[in-house]
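# Commentary on secondary and tertiary structure
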Amino acid sequence: MDTDIDDPPRLPSVVIHPLVVRVCHWINAFAILIMILSGWRIYNASALFPFRFPSSITLGGWLGGALQWHFAAMWLLVANGIVYVLYGVVSGHYRGSFFPVSPRALVNEISNVLRGQMSHRLGVYNAIQKLTYLVVIVLGIVLVLSGLCIWKPVQFQGLAALMGGYEGARLLHFFAMAGVVGFIVVHLTLVVLVPSTLLPMFTGRAPRDSTSPEGGP
């Protein structure tokens, strides 16, 4: 009679990232990458500051091509963002994952980081992660609204006025983009430092013991 005595026991797993969250995450990643690279090409055509991005890391080849890539990715980002926001609100994903964010918890987590002891459990966001995810969602909204003011400054002149006019909208768009790029750099750095977080973004599942505060069920 065959036995599985030599097979290592399989640890029970739990779902930490629902399918909707995973699909939206990867669509967002793709759309934002396209928007950043094409946006740098658009920026080069009329730079706000005395520097330009190397053509080798931009997308579009020329201004018209970059605009086409940018607008295509914008509609994908907006549609996907609406799905993600609606799901987050209706399902309670935001409430369960991102709130509350207390100043005390944030200070404690910053203290942990400074000591090289940042807390991390798969599927559970610490205070710093909660705040950064909330900030990047706000930055995404700012990018879309300021982008509309740049694209259609006459039709959205009321909204543009709140941003300091056309040039103010351009500045706001640029700094919001810089904030998103900064978030991506930090996000990818954390993935490199904690590689166990990557696979669950594909499978949605993680071992039960890796999601508990004490390393057990």
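Nothing here was measured: the structure is a model prediction, and the numbers come from that model.

Criteria and thresholds
- Residues numbered from 1 in each chain as written.
- Predicted model: local features only at pLDDT ≥ 70, side-chain atom pairs only at ≥ 80, totals over all residues.
- Heavy atoms only, no water.
- Salt bridge = Lys/Arg side-chain N within 4 Å of Asp/Glu carboxyl O.
- Helix = DSSP H or I, 4+ residues; strand = E, 2+ residues; numbered from the N terminus.
- Buried < 20%, exposed > 50% of the residue type's maximum accessible area, 1.4 Å probe, protein only.
- Expected span 1.5 Å × (residues − 1).
- Contact = heavy atoms within 4.5 Å.
- Patch = residues over 30% accessible without salt bridge, like charges linked within 9 Å, V, L, I, M, F, W, Y side chains within 5 Å.
- Areas by Shrake-Rupley, 256 points an atom, 1.4 Å probe, with all protein chains shown as cover.
- Phe/Tyr/Trp six-rings, centres within 6.5 Å; stacked < 30°, edge-to-face > 60°.
- Polar contact = N/O pair within 3.5 Å; in protein donor to acceptor, adjacent residues only side chain to side chain.
- Axes fitted to C-alpha atoms, helices over the stretch in contact; angles between N-to-C directions.
- Parallel < 35°, antiparallel > 145°, perpendicular 65-115°, else oblique.
- Left-handed = near helix turned anticlockwise from the far one by under 90°.
- Nonpolar A, V, L, I, M, F, W, Y, C, P; charged D, E, K, R; others polar.

Counted under the stated rule, the structure contains 1 salt bridge. For Arg170, the salt bridge identified is with Glu167, shortest N-O distance 3.7 Å. With Arg170 and Glu167 both in helix H7 (residues 165-193), this residue pair falls 3 residues apart, about one helical turn. For Arg170, a relative accessible area of 15% corresponds to the buried category. With a relative accessible area of 43%, Glu167 lands in the partly exposed category.

It is worth spelling out helix H2 (residues 63-91) at this point. End to end, H2 covers 41 Å across 29 residues, agreeing with the expected 42 Å (1.5 Å per residue, within 8%). For H2, every residue scored as buried is listed here: Gly64, Gly65, Ala66, His70, Ala73, Met74, Leu77, Asn80, Tyr84 and Gly88. In this fold, the buried residues of H2 make contact with helix H1 (19-45), helix H3 (93-98), helix H5 (127-151) and H7. Backbone geometry just downstream of H2 places Gly92 in the positive-phi region, at approximately 85°.

One full turn of an α-helix is made of 3.6 residues, so residues set three or four places apart face in the same direction. For H5, with 25 residues, the first-to-last C-alpha span of 36 Å sits near the 36 Å given by 1.5 Å per residue. On the buried face of H5, the contacting elements are H3, helix H4 (103-114), helix H6 (157-162) and H7.

Let's shift gears to a nonpolar patch on the surface. On the surface, Trp26, Leu198, Leu199 and Phe202 cluster together to form a nonpolar patch covering roughly 400 Å² of accessible area. Mapped onto the elements, Trp26 comes out in helix H1.

All right, on to the packing of aromatic side chains then. Counted according to the given criterion, the structure contains 14 aromatic pairs. Three or more aromatic residues joined by ring pairs make a cluster, and in this case those are Trp40, Tyr43, Phe49, Phe51, Phe53, Phe174 and Phe175.

With that settled, the discussion passes to the environment of Leu33. Relative to the elements of secondary structure, Leu33 occurs in helix H1. Residue classification places Leu33 among the partly exposed positions, given a relative accessible area of 47%. Along the primary structure Leu33 and Leu59 are separated by 26 residues, whereas in three dimensions their C-alpha atoms are 9.9 Å apart.

So, on to the environment of Val107. Positionally, Val107 belongs in helix H4. Remark: the alpha-carbon pair of Val107 and Ala127, spanning 20 residues in sequence, is separated by 8.6 Å.

Considering the arrangement of structural elements, one finds Ser146 in helix H5. Residue Ser146 is classed as buried on the basis of its relative accessible area, which comes to 0%. Of note is the side chain of Ser146, whose polar atom sits 2.7 Å from the backbone oxygen of Val142. Setting aside residues no more than four positions away along its own chain, Ser146 makes contact with Met163, Ala169 and His173.

This brings us to the side chain of Thr58. By the element assignment, Thr58 lies in the loop between H1 and H2. Within polar-contact distance, the side chain of Thr58 engages the side chain of Arg41 at 3.1 Å. One polar contact links the side chain of Thr58 to the main-chain carbonyl oxygen of Ser55, over a distance of 2.9 Å. With sequence-adjacent residues up to four places away left out, Thr58 is seen in contact with Leu37, Trp40, Arg41, Asn44 and Phe53.

Running from N to C, H1 and H2 point in directions that differ by 150°, and their axes come no closer than 8 Å. Compared by their axis directions, H1 and H2 come out roughly antiparallel. In this structure, H1 crosses over H2, and the sense of that crossing is left-handed. Taken together, the residues of the contact of H1 with H2 break down into 22 nonpolar, 5 polar and 1 charged.

Keep in mind these values describe shape, not function.
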